[in-house]
Amino acid sequence: MSIHFLEPADISAATALLAEYGDEAKIIAGGTSVVLMLRQKLIAPSVLVSLGSLIGWDFIRLDADGLHIGALTRLGDAERSPVLSQVCPALAQAFSLVGNVRVRNQATLGGNLSAADYAADPPAMLMALDARLRLIGPDTSREVPLFEFFLGFYTTVLEPTEIISEIIIPPLPESARAAYLRYTSASAVGRPCVAVGAVADFDTDGKCQDLRIAVGAAVETPQRLARAEALASAQTLSDELVAAIAEEYAQALDPLSDVRGSAWYRREMIRVLVKRALMEVRDRHR
Amino acid sequence: MLDSVERVTGAVDYMVNLRLADMLVGKIVRSLAPHARLQKVDPAQALRVPGVVAILIGADLGPHALYGAAIRDQGVVALDRVRYVGEPVAAIAAESVEAAEEAAMRIEIDYDELPPVFDAQAAIQPGAPQLHDGFPNNIFKHSKLRHGDLDATFAEADEIFANTFTSPPAHQAALEPHVCAAQWVGDRLTVWTGTQAPYMVLRVLAEIFGIPPESIRIIVPPLGGAYGGKGHIRIEPLVAALARKTGGRPVKFVLSSAEEFVTVTKHAATLELKTGVRQDGTFTARQVTVYWNGGAYADASPLLIPQGMVRSIGPYRIPAVQVDSYGIYTNLPPAGAYRGAMSSQTTWAYESQMDIIARQMGWDPLDFRLKNLFHSGEHFATGETLHDVHFIECLAAAVKGLGPVTSLPPGEGREVRVGRGYAVMMKSTISTSRSQARLKLASDGKVTLFTSTVEMGQGAHTALAQIAAETLGVPFEMVSVVGPDTAVTPFDSTTSASRSTGMMGKAVMLAGESLIQRFIELAVPLLETPAENLRAEMGHVVAAEASISFADVLKRSNLGFLEENGEYGTNLSLDPETGQGISTPHWHQGAGAAEVEVDTDTGQVRVLRYSASSFAGRVVNPRLAQLQNDGNVIFGLGPALLEEMVFDGGQVINPNLSDYAIPSIRDIPLELVSACIESDEGDMHGIGKMTLPPVAPAIANAIEDAVGVRIKNLPITAEKVLRALREEAEK
Amino acid sequence: MQILESFTLAAPREKVWDLLFDIPRLSQCVPGIESVEVLDERTYRGKLVVRVGPIKTRFSGIVTLTEVVPPSRFASTVEGDDKGNASAVKIFFNGTLTTVEAGTEAAFQVEVNLRGRLAQFGDPVIKATAKKLTAEFAKNLRAQLEHSFP
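It should be emphasised that the depicted structure is a prediction, and the values quoted were computed from it without experimental measurement.

### Here's the deal with the overall build of chain A
Scanning chain A for helices and strands turns up 12 helices and 14 strands. Computed over the C-alpha atoms, the radius of gyration of chain A is 19 Å, within 12% of the 19 Å expected from 2.2 N^0.38 for a compact globule of 286 residues. Reported as C-alpha extents along the three principal axes, the dimensions of chain A are approximately 60 × 45 × 30 Å. The buried share of chain A, reckoned over its 286 residues, is 50%.

And the structure:
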């Protein structure tokens, strides 16, 4: 049984192929996720629809309405992007921690998000940044906020014929600060046990506006807690408030158990990491 | 290193590159039940798949199809019963990987499941499922040591400490998996395999197939690491048995990462140590009980457990010692040799207990050790006299290498604490083994060393070539190494137990000395000088006024080349009831000092600095020795902090290097130093893995120094440390 | 691995029991079921498809009822294999039906032993999949009960 490797020249040809082959087809971009699954025989498509020939979908640009990242941007390029390090170094850092340099040279942001692996880095940071995704189907084009995108383990709202085309991040005010922290319980280069993305804006009195904290890797899908974020509204981020917010996250989330940590341990680490992320946005510049 | 350029440029010809004419792809079909009778294994549908050439099942094999490195309890493929998830049930030879996989799906297997047992201590209880006939309580090996009057000496103790330590099942995790190819030509068998012991493989294959050893040839290419996992017979019998059905076509197997984890593992162990001490800081008695989880088949365990017995006591003066070391069957993949076989688990236990005792008694852990470490001339618990032991020097060197404390003791409210810990280890090498080497010098001056020592990245061939060069007095560049290939290279017991530089090195030296003797004899008429007035120097035969190079001796004698063999062996043994006798030709000694940082919020442990030391007798290649020592420490971080095979109902759930974490470059301590201590007597005996076993206990001891918690179960995960910190806080 | 799930149905225990043992109707409720065959009064053979993200598993297996105590308790063993994924599963299933104010609480205690390639998925994924399937199963049972029970 051999696999047909198709290389459509543009997105509409790609989505048309997905519609034509249905269940038999699988998209492949950088391949770091798909090739692993193929090698482990976990999937057996007869057709691979490669996005490798698509041109113009690997960009990072700052528009009036925010930062646009093309879905086919390689994580390594995103990590090193001068635009990104200007606009949000914490996001560049989140990209820089994925896998290793060889993986980042191949893997695309769209691929990373559509794989919906719970132990990934970018989703938590993107969620804290209120990212939106543009999904393109054969006759459709829609925008979905990232917090609605993940449905569960390895499952997203993507229809079988849809492809992510770009990721849009709303503009950050000058006074905003962001931090990305990840905790690996075992090897330093292992997959994260807990990942936290935090974004906060501060007014001239140092009072917090618009705090956003997303926790990933410890839970089935990355999550934010609106009522905990609201605690910081118009407040100074004192140590007590930081601890209270961290406690909310630790209590409210339902952490999972795997070889990198039990649910009990992850709950403890959520508390620690949220606290550390808050202190980082509070004490250091973006 | 001999082939350093090839290593860096990827030109080393590892077995995975092997291509033979008409070669078939091999695939193993593995048991999905942990313990079951095989009701049916039907390959009929699978044989119909186009491209499938042959399938081997248990029913094809005769009664000799049970083999093993010591106890013949393992089927070439499962015969009528499976005993672990992953056990080979059938083997397929096909034209392509796709055909093999299609066939694998179509083999019909019916399992009649039996109750399984996975825990060693549960397996020896009455009523536990019995895995093998003839071993009613699943104990397949019991090694004993009895020295002195245990009860009397415990009675003399002022304090008695009883602690239990555990080490989980783990994996050798060599970068290169097991690869093996076999081909029959008539009744002659050639096997290409990544093994550390070609002659052992040869012997077992001869027994299984009932053919003379001379009709088997084992060829071993360079290995991409082994760490004990390739130290005994492995998949060779399966590959050879399948190859018998392919009409003479060779078949090659390359195991996947997931398959590696069910092929051989590192023994899980529970170690109970009961130790009596006096107020004056000396020992009275020690009783050791070790339960080794051998997995479903004895494999190399019956050979390793007696070694483990000797290695489970520690380098300390203890008047009375009793050891009971049990090898136990369970429904897990078979356990085998691991880097520093058994000593990682045993050193973990006795060096951890040292600090438990010291802290309880209010003694300094270093002083406690220095007071009790053996000196040369003293007697060990086997009754043998210890010669050439330098434990105190090793420990002192490790401590010195750590330097002054980097951080001040923490103040209130800091999240991070720093601590230091030490460990010393004592390890035997194997007592009975033999090495032969053949050296050839040709008339162009080039030297060839024929040896069955396996190059697996440790630089063995380099060290041996150096010894050959030094003995003959020729430049290192003139020496090349051939082997292993049993058609061409002479006998060697095994490349393991840190024995090769010592044993094979001596064989090479003896071969070299014999060769020199012959050159001297040949030079007598050429130099017109009697032999007693001739000597060899720098590759020449030298008389008072003249000299001739070895090459010229050959040319002038009309000889193309000269060859000589050298052999070195030891044959030592211990009494099976008392463990008294001589356990080893010499002792491997190592120590470690660790400085760690513990994050009290997360429990995470980081090794900041590590200083290792080893006693090597005489160092042949200082650079390689240092790399070996450093490499041991890095390797040792794995079992200490990261590595554990996790099972659910007998199924490994983390058989990949993402979920089974091994040390990465970022886990290496900021400072890592190692020292090699040499002695004036200058007897070389190899480095092997002396600096590996102290790593885990040194780290555990450093953690206790830092935050006052004691972890007794490996690996030392952040979660375990945090739980211990919380429990401590609640007291 | 142990999984505990429960849900409540607005129907009396006997009705729920009858539905659970009405094989044609029950098999419509089990998500992903492809076929069911009754071999004898205690044994069934079936095919079940379970999807986890991009991965599709297809298990063929035998369900054997080991204990039947109407209308409150039953236990069964499921042994299946998914040849395409070189995997097998053995499940010990314990179900109880208890009358509660809102109707009937169905509680399941399941021990799942997954062997082979799929075992690498890990506890969280398998548990989450079990949760999802149970929720869908409950939803389908409710729909069936509403149809049959006026």
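So much for the structure itself; the text now carries on.
### Examining the interface of chain A and chain B
Residue-level contacts link 16 residues of chain A with 17 residues of chain B. Tallying contributions element by element places helix α12 (residues 263-283) of chain A first for the side of chain A that touches chain B, with four residues. Among the residues forming the side of chain A that touches chain B, the class breakdown is nine nonpolar, five polar and two charged.

### Observations concerning the sheet that holds strand β8 (residues 108-113) of chain B
Residues and elements named next belong to chain B. Ordered by their spatial adjacency, three strands build an open sheet running β6-β2-β8, and the pairing between neighbours is antiparallel. Edge positions in the open sheet fall to β6 (81-82) and β8, since each of these has one partner strand only. Relative to β6, strand β2 (residues 36-42) runs antiparallel, the two sharing two bridges. Looking at β6, one finds that Arg37 is bridged to Arg81.

### Topic: the confidence of the model for chain C
The predicted model of chain C averages 90 in pLDDT, with 98% of residues at 70 or higher. Interface confidence in the predicted complex, given as ipTM, is 0.95; pTM for the same model is 0.94.

### Comments concerning the confidence of the model for chain A
Residues of chain A with pLDDT of at least 70 account for 99%, and the chain-wide mean is 94. For chain A, per-element mean pLDDT is lowest for helix α2 (residues 34-39) of chain A, which scores 90, and highest for strand β6 (residues 132-136) of chain A, which scores 98.

### Description of the domain arrangement of chain A
All names here are of chain A. Domain parsing of chain A yields domain 1 (4-50), domain 2 (60-169) and domain 3 (176-283). Contact with domain 1, which involves 13 residues of that partner, is made by 16 residues of domain 2. Tallying contributions element by element places helix α1 (residues 11-21) first for the side of domain 1 that touches domain 2, with six residues. Its residues placed into classes, the side of domain 1 that touches domain 2 shows seven nonpolar, six polar and no charged.

### Comments concerning helix α9 (residues 301-310) of chain B
Residues that lie three or four places apart on an α-helix share one face, since the helix turns once every 3.6 residues. Residues and elements named next belong to chain B. Summarising burial for α9: nine of the 10 residues are buried, a large majority. All buried positions along α9 are accounted for by Ser301, Leu303, Leu304, Ile305, Pro306, Gln307, Gly308, Met309 and Val310. Against β9 (139-147), β17 (283-295), β18 (320-329), β19 (335-336), α10 (343-361) and β20 (416-428) lie the buried residues of α9.

### Describing the packing of helix α6 (residues 198-209) of chain B against helix α7 (residues 236-243) of chain B
For any two helices packed against each other, the geometry comes down to the angle between their axes and how far apart the axes lie. All names here are of chain B. Between α6 and α7, the least distance of the axes is 10 Å, while the angle of their chain directions is 45°. By the angle between their directions, the pair α6 and α7 is classed as oblique. Along this stretch, α6 crosses α7, giving a crossing that reads as right-handed. For the pair α6 and α7, the contacting residues are Val201, Leu205 and Ile208 in the first and Glu236, Pro237 and Ala240 in the second. The residue inventory of the contact of α6 with α7, partitioned by class, reads five nonpolar, no polar and one charged.

### Considering the environment of A:Leu129
Residues and elements named next belong to chain A. Of note, Leu129 is situated in the loop between α8 (122-128) and β6. Here Leu129 falls in the buried class, since 28 other C-beta atoms lie within 10 Å of it. Separated by 111 residues in the primary sequence, Leu129 and Leu18 place their C-alpha atoms 31 Å from one another. Setting aside residues up to four positions removed in sequence, Leu129 forms contacts with Cys88, Leu91, Ile169 and Val199.

### Here we look at the pairing of strand β3 (residues 47-50) of chain A
All names here are of chain A. The sheet contact formed by strand β1 (residues 4-6) and β3 spans three bridges and is parallel. What sits directly across from Phe5, in β3, is Leu48. In this structure, strand β2 (residues 25-28) lies alongside β3, joined through four bridges in parallel fashion. Looking across to β3, one finds that Lys26 is bridged to Leu48. Each parallel crossover has a hand, and the one from β2 via α2 to β3 is right-handed.

Rules behind the numbers
- Residues numbered from 1 in each chain as written.
- Chains lettered and ligands numbered in written order.
- Predicted model: local features only at pLDDT ≥ 70, side-chain atom pairs only at ≥ 80, totals over all residues.
- Helix = DSSP H or I, 4+ residues; strand = E, 2+ residues; numbered from the N terminus.
- Rg over C-alpha atoms; globule rule 2.2 N^0.38 Å.
- Buried ≥ 20, exposed ≤ 12 C-beta atoms within 10 Å, placed from the backbone.
- Contact = placed C-beta atoms within 7 Å.
- Nonpolar A, V, L, I, M, F, W, Y, C, P; charged D, E, K, R; others polar.
- Pairing = 2+ DSSP bridges.
- pLDDT = per-residue confidence, 0-100.
- Domains from an automatic or database assignment.
- Axes fitted to C-alpha atoms, helices over the stretch in contact; angles between N-to-C directions.
- Parallel < 35°, antiparallel > 145°, perpendicular 65-115°, else oblique.
- Left-handed = near helix turned anticlockwise from the far one by under 90°.
- Right-handed = clockwise from strand over helix to strand, strands pointing away.

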